[in-house]
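Residue strings, one per chain:
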Amino acid sequence: MIQLHHIREIADSHQPRRIMRYVLIYCSSGLVDFYVDGKALKLCPGEVITITSGQIHHYSTTEDAEGYVLEFSLDFFCKDDNDIELIFHNGLFCHFDQNEVIAVDATLVAAQLALIQEELATQPYQYLISVHSRITLILVSINRSKVQRGDEIWKPDALFLKFLEAVRHNFAHNYPIATFAEMLGTTEIKLNELAKLHAGKTAQNVVYGLITSEAKRLLIYTDMSIKEAAYALGFNDPYYFSNFFKKQTQVSPKLFKEQHGR
């Protein structure tokens, strides 16, 4: 539901990690080199990065790094639509592989993370409510830092975010947009409207993008064959999967796996 670690407790393993929780990494000192879905990033003191649930990340080097790794589930944090919109506000926990390093108010973020650590260790009365509020404060502070550096404000609709989550939890079923609309109590027209508003593409193309990102993870970080990856993503025909992947990435899954596989 929620965990807090010191960077040194996680980073020393250098093993790829995939957890179905939202991850916030804050560096207070030293340097951290790591990868998120194969993308190289460097974290310096006073900076954070947010990693969406299901993304694969691993640490390359940690030079005397200190700081925190906060992990929390969607169910823990998102009590209502406002919470859902906050964790994705300005692309904080972006589903579209746009992870970035963000310089923040280090004093505020470090203090709140330390207090969360104390709350989790001692578990005083209503501590989870307090922890939720402290995470909210951290996310608001990060958003303010992004706005102050000139980023365009992006406030997604909770329904669109629920759609993205539904897609990511049902890759193997290859559901049509109509099924997702029914699951969410809305219409295909509404999902397409939201997809075009927030992603600039149709709902179906949003699904294709999420499938492609997941395919890359499977090809880079697992021992799955291309055939196994195809079946895991709802493709009954591996040949069709190969054509789909090449159309989306301009490279065949076989070549991609040779170039990026571990």
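Residues numbered from 1 in each chain as written. Predicted model: local features only at pLDDT ≥ 70, side-chain atom pairs only at ≥ 80, totals over all residues. Heavy atoms only, no water.

Draft legend 1. Molecular detail of the overall build of the protein chain. Secondary structure assignment for the protein chain yields 12 helices and 7 strands. In terms of C-alpha radius of gyration, the protein chain reaches 19 Å, essentially the compact-globule figure of 18 Å for 262 residues. Expressed as a percentage of the 262 residues in the protein chain, the buried residues total 49%. Contacts in the protein chain between residues at least 24 apart in sequence constitute 72% of all its contacts with a sequence separation of at least 6. Here the protein chain has roughly 12600 Å² of accessible surface; of this, 50% comes from carbon and sulfur atoms. Positive and negative charge centroids in the protein chain, built from 25 and 31 side chains respectively, lie 5 Å apart. (Helix = DSSP H or I, 4+ residues; strand = E, 2+ residues; numbered from the N terminus. Rg over C-alpha atoms; globule rule 2.2 N^0.38 Å. Buried < 20%, exposed > 50% of the residue type's maximum accessible area, 1.4 Å probe, protein only. Contact = heavy atoms within 4.5 Å. Areas by Shrake-Rupley, 256 points an atom, 1.4 Å probe, with all protein chains shown as cover. Lys, Arg positive; Asp, Glu negative; His and termini not counted. Charge placed at Lys NZ, Arg CZ, Asp CG, Glu CD.)

Draft legend 2. Structural context of the packing of aromatic side chains. This model, assessed by the stated rule, comprises 15 aromatic pairs. Here Y208 and F244 contribute two aromatic rings whose centre-to-centre distance is 5.4 Å and whose plane-to-plane angle is 70°, an arrangement assigned as edge-to-face. Separated by 36 residues along the polypeptide, Y208 in helix 9 (residues 203–221) and F244 in helix 11 (residues 238–249) bring together distant segments of the chain. On the basis of relative accessibility, which here comes to 28%, the residue Y208 falls in the partly exposed class. (Phe/Tyr/Trp six-rings, centres within 6.5 Å; stacked < 30°, edge-to-face > 60°.)

Draft legend 3. Here's a closer look at the layout of surface pockets. Looking at the largest pocket, its volume works out to about 250 Å³. What lines the largest pocket is a set of 14 residues, among which G91, C94, F96, Q98 and W154 lie closest to the centre. Forming the walls of the second largest pocket are 13 residues, and the residues nearest its centre are V36, D37, G38, D97 and K216. Per-class residue counts for the lining of the second largest pocket are 3 nonpolar, 5 polar and 5 charged. (1 Å grid on protein atoms, 1.4 Å probe; cavity = no way out; pocket = protein on both sides within 12 Å on 5 of 7 lines; lining within 4 Å. Points joined across faces, edges and corners; volume = space filled by probe spheres on them. Nonpolar A, V, L, I, M, F, W, Y, C, P; charged D, E, K, R; others polar.)

Draft legend 4. Representation of empty space enclosed by the protein in the model. Across all of its chains, the model carries 3 cavities of 30 Å³ or more by this definition. Surrounding the largest cavity, V167, N170, F171, N174, Y175, F180, V207 and I211 form its lining. There is about 40 Å³ of room inside the second largest cavity. What lines the second largest cavity is T50, G91, L92, C94, Q98, N99, E100, I102 and K146. Residues belonging to the lining of the second largest cavity are distributed by class as follows: 3 nonpolar, 4 polar and 2 charged.

Draft legend 5. Quick peek at the pattern of salt bridges. Summed over all chains, the structure comprises 15 salt bridges. Between E214 and R18 there is a salt bridge, with the nearest N and O atoms lying 2.7 Å from each other. Pair noted here: E214 is in helix 9 and R18 is in strand 2 (residues 17–18), with a separation of 196 residues, a long-range link. Note on R18: relative accessible area 36%, which makes it partly exposed. Among the salt bridges present, the one from R134 reaches E119, with a minimum N-O distance of 3.7 Å. Of this pair, R134 sits in helix 5 (residues 127–148) while E119 sits in helix 4 (residues 106–122), placing them 15 residues apart in sequence. On the basis of relative accessible area, E119 is assigned to the buried category, the value being 13%. Salt bridges here are not isolated pairs; linked through shared partners, they connect R18, D37, D97, E214 and R217. (Salt bridge = Lys/Arg side-chain N within 4 Å of Asp/Glu carboxyl O.)

Draft legend 6. Quick look at the packing of helix 9 against helix 12 (residues 253–260). In contact at an axis separation of 8 Å, helix 9 and helix 12 are set at 50° when each is read in the N-to-C sense. Regarding the angle of helix 9 to helix 12, the classification is oblique. In this structure, the crossing between helix 9 and helix 12 has a hand that is right-handed. Each of K216, L218, L219 and I220 in helix 9 lies in contact with helix 12, whose residues at this interface are P253, F256, K257 and H260. The residue makeup of the contact of helix 9 with helix 12, split by class, is 5 nonpolar, 1 polar and 2 charged. (Axes fitted to C-alpha atoms, helices over the stretch in contact; angles between N-to-C directions. Parallel < 35°, antiparallel > 145°, perpendicular 65-115°, else oblique. Left-handed = near helix turned anticlockwise from the far one by under 90°.)

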